[in-house]
2 protein chains.
Amino acid sequence: MDKYYELDNESIITYIKEKMDFFEVDAKLESREIGDGNLNLVFRVSDPGSGKSIIAKQALPYVRASGGDWPLDIGRGEIEKRILDIEYDLTGGEVPKVYFYDAVMCCMVMEDLSDYIIMRYGLLKYEKYPQFPEQISDFIVKSLLLTSDVVMEHKQKKAYVKDFINPELCEITEQLVYTEPFNVGARNRLEDAIVDFHKENIVADQELALEVAKLKFDFMNNAQALLHGDLHTGSIFVNKESTKVIDPEFAFYGPIAYDLACVFANLIMNYISAFYSLSDEVVREDYCGYLRQTITDTVDLTKKKFYNQWDGVVTDEMAQVPGFKEYYIEDIFVNAAGIVGCEMVRRTVGFAHVVDLDNIEDDQKRYAAKTNNLLLAKEYIKYRASIVCGQDYIEQLDKIIK
Amino acid sequence: MDKYYELDNESIITYIKEKMDFFEVDAKLESREIGDGNLNLVFRVSDPGSGKSIIAKQALPYVRASGGDWPLDIGRGEIEKRILDIEYDLTGGEVPKVYFYDAVMCCMVMEDLSDYIIMRYGLLKYEKYPQFPEQISDFIVKSLLLTSDVVMEHKQKKAYVKDFINPELCEITEQLVYTEPFNVGARNRLEDAIVDFHKENIVADQELALEVAKLKFDFMNNAQALLHGDLHTGSIFVNKESTKVIDPEFAFYGPIAYDLACVFANLIMNYISAFYSLSDEVVREDYCGYLRQTITDTVDLTKKKFYNQWDGVVTDEMAQVPGFKEYYIEDIFVNAAGIVGCEMVRRTVGFAHVVDLDNIEDDQKRYAAKTNNLLLAKEYIKYRASIVCGQDYIEQLDKIIK
């Protein structure tokens, strides 16, 4: 087993038995490929006898949706393993425990979260997760503030910057989030009905493009903290009691605002999805009310924790100057609002959509959801300087989603 | 010769004869240690017979002025060699040609610039260098714009960021430029007469400290272009016709403004030095007039060339959006003014002074030069948003240096 090959539901069982003694020797293991991402195979291997299970995640050497045309360096799994270990330690276990990583097979074996659900699918079933704002804000603030120059010894931080430089996956974000959705063609995917709307309202808006360009260069140059890099609701496992973040393969040193924005934007798109999908008014009011509160709480708790934790962890001498904390934290939230808008645009007209919007069955409602999503996104990008707390997001939302 | 040892004027001759056939076999070589920096031994090895000569620069494993207490990684010479090669190519030879680098001895052998003088010493002799603004602006714009994300393929740029991460020498700048001079103690060196002035006007000014903190974090996080990192007039060789930049061992990916600021600040301090040193009014007016023009031209030509060269070299799609060029370039100049101020403060009260100010013999004049230098520096830092062209620098200068 000294050469990479793509695992399948049969070979994974042999592989796991050979590699670890997690299961009983005579256990009858079962495997199911449960991945729906673009970059990896993901298997759940379980022993129905004991009820024990693990997750094995193998990096693919190409983007799955491209059919093999878009090659990728499979070494990224090594970064992911190190990131998970770091985040596990920093956050006290808000990511899965990694059992081992195999550099030849580019395969990571980790804790199964079988009593969790991918948050995006939970929200699409109108589930509520009352602990989520508290827990995701905890993850965000600990994983980011503690890996920034505010706290880390600067030479050690630079060693991390170097180790986690991630050119290929950053390029995906640079193109798919910050470039292609604001232009025509490339890998954009638009349903016919919104092609003209996109051209007139997004592509033709040169002021918008300028703001996106500023955010793009900030993404490329601002090595502020060790980001997760892809923190949408598809990278978050939840249940009623707990939240676990997965899939940090896009991790690199970038602007703190980026992780916040992915969370905020995907909650907002789920709100838009629920608003247009739920026809029963009572049900809709209840669930949309829950989401509004979740958005507000997530934004505000995140900010509150940045402020509250700062004084206890800051080490840089100049970062302790009066006013710097406010400057640093408020700047994060301004940029986050801009990136929220970029994420919302790209999930509507770019290469990788969200099912939250694509799955709205009624054509008119789906059209309304997508076009209003684009209009709201523009507000967040252009007027980000005044969108710095939960209520600010909701006010913009209420102007357009009604 | 497979082990590092410190070279001296004798061993360097044996070493050079063994390593290269630049000189005739029977040449009677002479060597002189000409380094005055803190981090390296520098030898000029010459053959009086043929008139040929080379420069050998060996990295020391400690900071010379510290007497050995401040250890340094000697591998930095390898970076310097790669940087010189890159800058040689990008600028068409505005740095010395490197003949070879020896990784064991941490010794680089390069073109001798015997018909050049270190600019700082030339200016202290009231020499004029009419080509300097044209040539240094050319070096700055080519070496920086062409290594930024505006121009470079982004994955290649990230490979450079990784290769040139420079934790130890960046730490020197973070401490000696952005931290210690705005506090008391540490490695600061102040003459007695200005100890109180420094406390009252610099250390006690918390608004100033906040602006410096912002600039410090920009220095640490903003991986914009491949900086020289130490571009003061002691790192520049000049004569009447030509300019060559040396000593890029502080090179790393940082904010473009930093390189500009080192040049501008050191010209300004030379102006202050000349203003207070020259007692003959006619001579002073002539030379200070020359320096004012040099400052103005250097700032304005640099900006003009950023603008003029942009359209011909830009490759990033979003960087071509109308308005982005102006945003990007003006932001560089705003930050440059702030860093000019930091450099002026640290060269007056920090660990590494400039002789331009220290060598003013008359106590009262030296005191006036240093305290006014500090006051001017504060203006540049606090009001940098409105200091964006040559004339803006001169206007502030004229308010205080009179």
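My aim in this report is to walk through the structure given alongside it, one point at a time.

Reading the values: rules and limits
Residues numbered from 1 in each chain as written. Chains lettered and ligands numbered in written order. Predicted model: local features only at pLDDT ≥ 70, side-chain atom pairs only at ≥ 80, totals over all residues. Heavy atoms only, no water. Helix = DSSP H or I, 4+ residues; strand = E, 2+ residues; numbered from the N terminus. Rg over C-alpha atoms; globule rule 2.2 N^0.38 Å. Areas by Shrake-Rupley, 256 points an atom, 1.4 Å probe, with all protein chains shown as cover. Lys, Arg positive; Asp, Glu negative; His and termini not counted. Charge placed at Lys NZ, Arg CZ, Asp CG, Glu CD. Contact = heavy atoms within 4.5 Å. Buried area = accessible area lost by both parts, 1.4 Å probe. Salt bridge = Lys/Arg side-chain N within 4 Å of Asp/Glu carboxyl O. Polar contact = N/O pair within 3.5 Å; in protein donor to acceptor, adjacent residues only side chain to side chain. Nonpolar A, V, L, I, M, F, W, Y, C, P; charged D, E, K, R; others polar. Pairing = 2+ DSSP bridges. Axes fitted to C-alpha atoms, helices over the stretch in contact; angles between N-to-C directions. Least-squares fit on C-alpha atoms with pLDDT ≥ 70 in both. Buried < 20%, exposed > 50% of the residue type's maximum accessible area, 1.4 Å probe, protein only. Parallel < 35°, antiparallel > 145°, perpendicular 65-115°, else oblique. Left-handed = near helix turned anticlockwise from the far one by under 90°. Core = buried A, V, L, I, M, F, W, Y, C linked by side-chain atoms within 4.5 Å. Expected span 1.5 Å × (residues − 1). Phe/Tyr/Trp six-rings, centres within 6.5 Å; stacked < 30°, edge-to-face > 60°.

Bringing the overall build of chain A into the picture now. Each helix and strand in chain A was counted, giving 14 helices and ten strands. A compact globule built from 402 residues should have a C-alpha radius of gyration of about 21 Å, and chain A, at 21 Å, falls within 12% of that. Counting only C-alpha atoms, chain A reaches 60 × 55 × 40 Å along its principal axes. By element, 48% of the accessible surface of chain A is carried by carbon and sulfur atoms, the whole surface being about 15200 Å². A distance of 1 Å separates the average location of the 44 positive side-chain charges in chain A from that of its 69 negative side-chain charges.

Okay, the interface of chain A and chain B next. Each side of the interface is counted separately: chain A has 42 residues, and chain B has 42 residues. Overall, the association of chain A and chain B removes approximately 3600 Å² of surface from exposure, summing both partners, and the carbon and sulfur fraction of that is 66%. With a closest N to O distance of 3.0 Å, Glu171 of chain A and Lys155 of chain B form a salt bridge. The interface formed by chain A and chain B holds 14 residue pairs in polar contact (both at pLDDT 80 or more) in total. Looking at the side of chain A that touches chain B, the elements that each hand over two or more residues are helix H5 (154-163), helix H6 (167-176), helix H8 (206-221) and helix H11 (324-349) of chain A. Here the side of chain A that touches chain B takes ten residues from H8 of chain A, the largest share from any one element. Considered class by class, the residues forming the side of chain A that touches chain B number 21 nonpolar, eight polar and 13 charged.

This next bit is on the sheet that holds strand S6 (residues 117-118) of chain A. Residues and elements named next belong to chain A. Reading across the sheet, the three strands line up as S6-S8-S9 and stay open at both edges, with antiparallel pairing between neighbours. Two strands in the sheet have a free side with no partner beyond their single neighbour: S6 and strand S9 (243-245). Here strand S8 (residues 236-238) pairs with S9 via three bridges, running antiparallel. Residue pairing in the sheet places Phe237 in a bridge with Lys244 of S9. Packing of helix H4 (residues 132-145) onto the sheet brings it into contact with S8 and S9, and relative to S9 it is tilted by some 35°.

Further remarks concern the sheet that holds strand S5 (residues 107-111) of chain B. Residues and elements named next belong to chain B. Within the open sheet, the five strands sit side by side as S1-S2-S3-S5-S4. Their pairing is antiparallel. On the outer flanks of this sheet lie strand S1 (30-33) and strand S4 (98-102), each paired with one strand and no other. Averaged over all neighbouring strand pairs, the angle between strand axes comes to 20°, with direction disregarded. Two strands pair when backbone bridges link them, and S4 and S5 are joined in this way by four bridges, in the antiparallel orientation. Looking at S5, one finds that Asp102 is bridged to Cys107.

As a further point, take the relation of the copies chain A and chain B. Comparison of the two chain copies shows a relationship of rotation about an axis with a shift along it. Overlaying chain A on chain B yields an RMSD of 0.0 Å, the required transformation being a rotation through 180° with an accompanying axial translation of 0.0 Å. The relationship between the two copies is best expressed as a two-fold rotation axis. When the interface residues of chain A are mapped onto chain B, 100% of them again fall at the interface, so both copies present the same face.

For the rest of this paragraph, the subject is the environment of Ile172 of chain B. All names here are of chain B. With respect to the element layout, Ile172 can be found in helix H6 (residues 167-176). According to the relative accessible area criterion, Ile172 is buried, its value standing at 11%. C-alpha separation for the pair Ile172 and Phe250, spaced 78 residues apart in sequence, amounts to 9.3 Å. Those residues in contact with Ile172 that sit more than four places away from it in its chain are Trp70, Leu72, Val177 and Phe250.

Turning next to the pairing of strand S4 (residues 98-102) of chain A. In terms of burial, S4 of chain A is largely enclosed, as four of its five residues are buried. Connecting the antiparallel pair S4 of chain A and strand S5 (residues 107-111) of chain A is a turn made up of four residues, with Cys106 of chain A showing a positive phi of about 55°.

Residues and elements named next belong to chain A. Remark: helix H2 (residues 76-91) packs on H4, axes separated minimally by 9 Å, with the N-to-C direction vectors making an angle of 110°. Here H2 lies roughly perpendicular to H4, going by the angle between them. As for the relative orientation of H2 and H4, their crossing is right-handed in sense. Residues Glu87, Leu90 and Thr91 of H2 form the contact with H4, whose participating residues are Phe139, Lys142 and Ser143. Among the residues making up the contact of H2 with H4, the classes are represented as two nonpolar, two polar and two charged.

Bringing the environment of Tyr62 of chain B into the picture now. Note that Tyr62 of chain B resides in the loop between strand S3 (52-59) and helix H2 (76-91). C-alpha separation for the pair Tyr62 of chain B and Cys342 of chain B, spaced 280 residues apart in sequence, amounts to 25 Å.

Residue and element names in this part refer to chain A. Applying the stated rule across the entire model yields 60 salt bridges over all chains. A salt bridge links Arg187 to Glu180, with the nearest nitrogen and oxygen atoms 2.4 Å apart. A relative accessible area of 7% places Glu180 in the buried class. Beyond isolated ion pairs, a larger network of salt bridges with shared partners links Glu191, Asp358, Asp363, Arg366 and Lys370.

Residues and elements named next belong to chain A. Turning to its location among the elements, Glu94 is positioned in the loop between H2 and S4. One buried charged side chain, Glu94, makes no salt bridge at all; its nearest oppositely charged neighbour is Lys142, positioned 5.4 Å away. From its side chain, Glu94 meets the backbone nitrogen of Phe139 in a polar contact 3.1 Å long.

Take the nonpolar core next. Of all hydrophobic cores here, the largest spans 233 residues; its most connected members are Tyr393 of chain A together with Tyr393 of chain B. When near neighbours in sequence (up to four residues on either side) are disregarded, Tyr393 of chain A contacts Phe264, Ile268, Ile295, Val299, Phe333, Ala336, Ala337, Val340, Tyr380 and Ile387 of chain A. Counting 19 residues, the second largest nonpolar core, distinct from the first, contains Ile12, Leu41, Ile54 and Leu60 of chain A.

A word on the environment of Pro167 of chain B. Take Pro167 of chain B: it is sitting in helix H6. By relative accessible area, which is 24% here, Pro167 of chain B ends up partly exposed. Separated by 53 residues in sequence, Pro167 of chain B and Met220 of chain B place their C-alpha atoms 10.0 Å apart. If sequence neighbours within four positions are ignored, Pro167 of chain B has contacts with Lys155 and Lys158 of chain A.

Here helix H10 (residues 281-313) of chain A contains 33 residues, and its C-alpha end-to-end distance of 47 Å stays within 8% of the 48 Å for a straight helix at 1.5 Å per residue. One side-chain oxygen at the N-terminal end of H10 of chain A lies 2.9 Å from the backbone nitrogen of Val282 of chain A; it belongs to Asp280 of chain A.

A few words now on the packing of aromatic side chains. All names here are of chain B. Under the counting rule described, the total for this entry stands at 40 aromatic pairs over all chains. Judged by centre distance (5.7 Å) and plane angle (70°), the ring pair of Phe264 and Tyr393 falls under edge-to-face. Of this pair, Phe264 sits in helix H9 (residues 257-277) while Tyr393 sits in helix H14 (residues 390-400); the two residues are 129 residues apart in sequence, bridging distant segments of the chain. With 5.1 Å between their ring centres and 75° between their planes, Phe275 and Tyr276 make a pair best called edge-to-face. Tyr276 matches Phe275 in its accessibility class, with the two residues each being buried.

This part covers the pairing of S3 of chain B. Residues and elements named next belong to chain B. Summarising burial for S3: seven of the eight residues are buried, a large majority. Across eight bridges, strand S2 (residues 40-47) lies against S3 in antiparallel orientation. Each bridged residue has a counterpart across the sheet, and for Arg44 the counterpart in S3 is Ile55. The antiparallel pairing of S2 with S3 creates a hairpin that spans four residues between the two strands, and Gly51 there sits at a positive phi of about 80°.

The next thing to look at is the side chain of Ser137 of chain B. For Ser137 of chain B, the location among the structural elements is in helix H4 (residues 132-145). Here the side chain of Ser137 of chain B touches Pro133 of chain B through a polar contact of 2.7 Å, landing on its backbone oxygen.

The next point concerns unusual backbone geometry. Residues and elements named next belong to chain B. Within the chain, Ala186 stands out as a residue other than glycine whose phi angle is a positive 50°. Within the chain, Asp247 stands out as a residue other than glycine whose phi angle is a positive 55°. Exposure remark for Asp247: the relative accessible area of 23% places this residue in the partly exposed category.

The values reported here are purely geometric and, on their own, carry no functional implication.
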